[in-house]
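Coordinate inspection notes
Here is how the chains run, residue by residue.
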Amino acid sequence: MKVQTGYIYHIKDEFFNLINDKGLMINHENGHSRPTYFTIKDGDILWFIPLSSKVSKYQSIIHKKVEKYGDCKSIMIRDIANEKSVILLQNAFPTLEKYIDHPHIVDGKPLKVIDTLKDEILDNFKYMLALKKEGRNLFFTDIDKIKERMLKEVIDK
C-alpha cells in the first residue's frame, strides 16, 4: 500500500493493544471502525490525526478556546467528503505503515482531502509541534514516547 499525506485511513487494533496511552481515542465505537485518521507521512513515521463526526460537541470547545486564547489550532471543523468533520490535531500520534488496516473508501476510491485543507492541517500541526518544542504541549498523547517506540521498531526490523 502506498501511504500518502492527505489521505484518510483506519488503524489496526494491534496498535492500540501495543501502545497503552490514555490520550489515544478508542478505535471502535458501536461496532464501527472509528475514528478515521488524516495521515501525514514523515519518513518512516506516519502521523495520524483522528477525525470525528461529533461536530456540536467540539464547536463549544473551539468557542471556549477562541475566547480564552484568540484562536484554536488544535481542533478544526471542516468539510471532508461533503460532511462536516472534526479534525482533532490535539489527539495526533505517530505510528507506522504496518499498523494501517485500510484506506477509507468513498465512491470506490481512497479518500483524500482537498489540497487547501491538507495544507491548513499541515500548517496547524507544524505550529503545534513548534509549540511543543518550546515547552507548550497541546497534544493529549505522549507523542515523544510513542514516536521513540515506533522508531525502535523501524530499527529492529
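As a reminder, the structure under discussion sits directly above these lines.
Small disclaimer: the values here were computed from a predicted structure and weren't measured. (Residues numbered from 1 in each chain as written. Predicted model: local features only at pLDDT ≥ 70, side-chain atom pairs only at ≥ 80, totals over all residues. Heavy atoms only, no water.)

Along the backbone of the chain there are four helices and eleven strands. Against the 2.2 N^0.38 benchmark of 15 Å for 157 residues, the chain shows a C-alpha radius of gyration of 15 Å, consistent with a compact globule. Along the three orthogonal principal directions, the C-alpha set of the chain runs to about 45 × 40 × 30 Å. Taking all contacts inside the chain whose residues are at least 6 apart in sequence as the whole, residues at least 24 apart take part in 69%. Roughly 9,200 Å² of accessible area belongs to the chain as shown, and the carbon and sulfur atoms make up 49% of that amount. Once the 26 positive and 23 negative side-chain charges of the chain are each reduced to a mean point, those two points are 2 Å apart. (Helix = DSSP H or I, 4+ residues; strand = E, 2+ residues; numbered from the N terminus. Rg over C-alpha atoms; globule rule 2.2 N^0.38 Å. Contact = heavy atoms within 4.5 Å. Areas by Shrake-Rupley, 256 points an atom, 1.4 Å probe, with all protein chains shown as cover. Lys, Arg positive; Asp, Glu negative; His and termini not counted. Charge placed at Lys NZ, Arg CZ, Asp CG, Glu CD.)

It is worth spelling out unusual backbone geometry at this point. Excluding glycine, residues mostly carry a negative phi; peptide bonds, for their part, are mostly trans. The phi dihedral of Asn-82 is positive, around 65 degrees, even though this residue is not glycine. With respect to the helices and strands, Asn-82 occurs in the loop between strand E6 (75-80) and strand E7 (83-88). The backbone phi angle of Asp-107 is positive, close to 55 degrees, even though this residue is not glycine. The topology assignment puts Asp-107 in the loop between strand E10 (105-106) and strand E11 (109-110). Classification of Asp-107 as exposed rests on a relative accessible area of 74%. (Buried < 20%, exposed > 50% of the residue type's maximum accessible area, 1.4 Å probe, protein only.)

Of the pockets and cavities examined, the second largest pocket occupies roughly 270 Å³. The wall of the second largest pocket is formed by 13 residues, among which Tyr-69, Asp-71, Ser-74, Arg-136 and Leu-138 lie closest to the centre. Secondary structure elements with two or more residues in the lining of the second largest pocket: helix H2 (55-69) and helix H3 (115-133). Residues of the lining of the second largest pocket, tallied by class, amount to six nonpolar, three polar and four charged. (1 Å grid on protein atoms, 1.4 Å probe; cavity = no way out; pocket = protein on both sides within 12 Å on 5 of 7 lines; lining within 4 Å. Points joined across faces, edges and corners; volume = space filled by probe spheres on them. Nonpolar A, V, L, I, M, F, W, Y, C, P; charged D, E, K, R; others polar.)

Time to look at the nonpolar core. Residues Phe-15, Ile-49, Ile-87 and Phe-93 are the most contacted members of the largest nonpolar core, which totals 38 residues. Ranked by residue count, the leading element in this core is strand E5 (residues 45-52), at six residues. When neighbours within four sequence positions are excluded, Phe-93 is seen to be in contact with Ile-11, Phe-15, Phe-16, Leu-24, Tyr-37, Leu-46, Trp-47, Phe-48, Thr-141, Ile-143 and Ile-146. Tyr-58, Cys-72, Ile-75 and Leu-88 belong to the second largest nonpolar core, which has nine residues in total. (Core = buried A, V, L, I, M, F, W, Y, C linked by side-chain atoms within 4.5 Å.)

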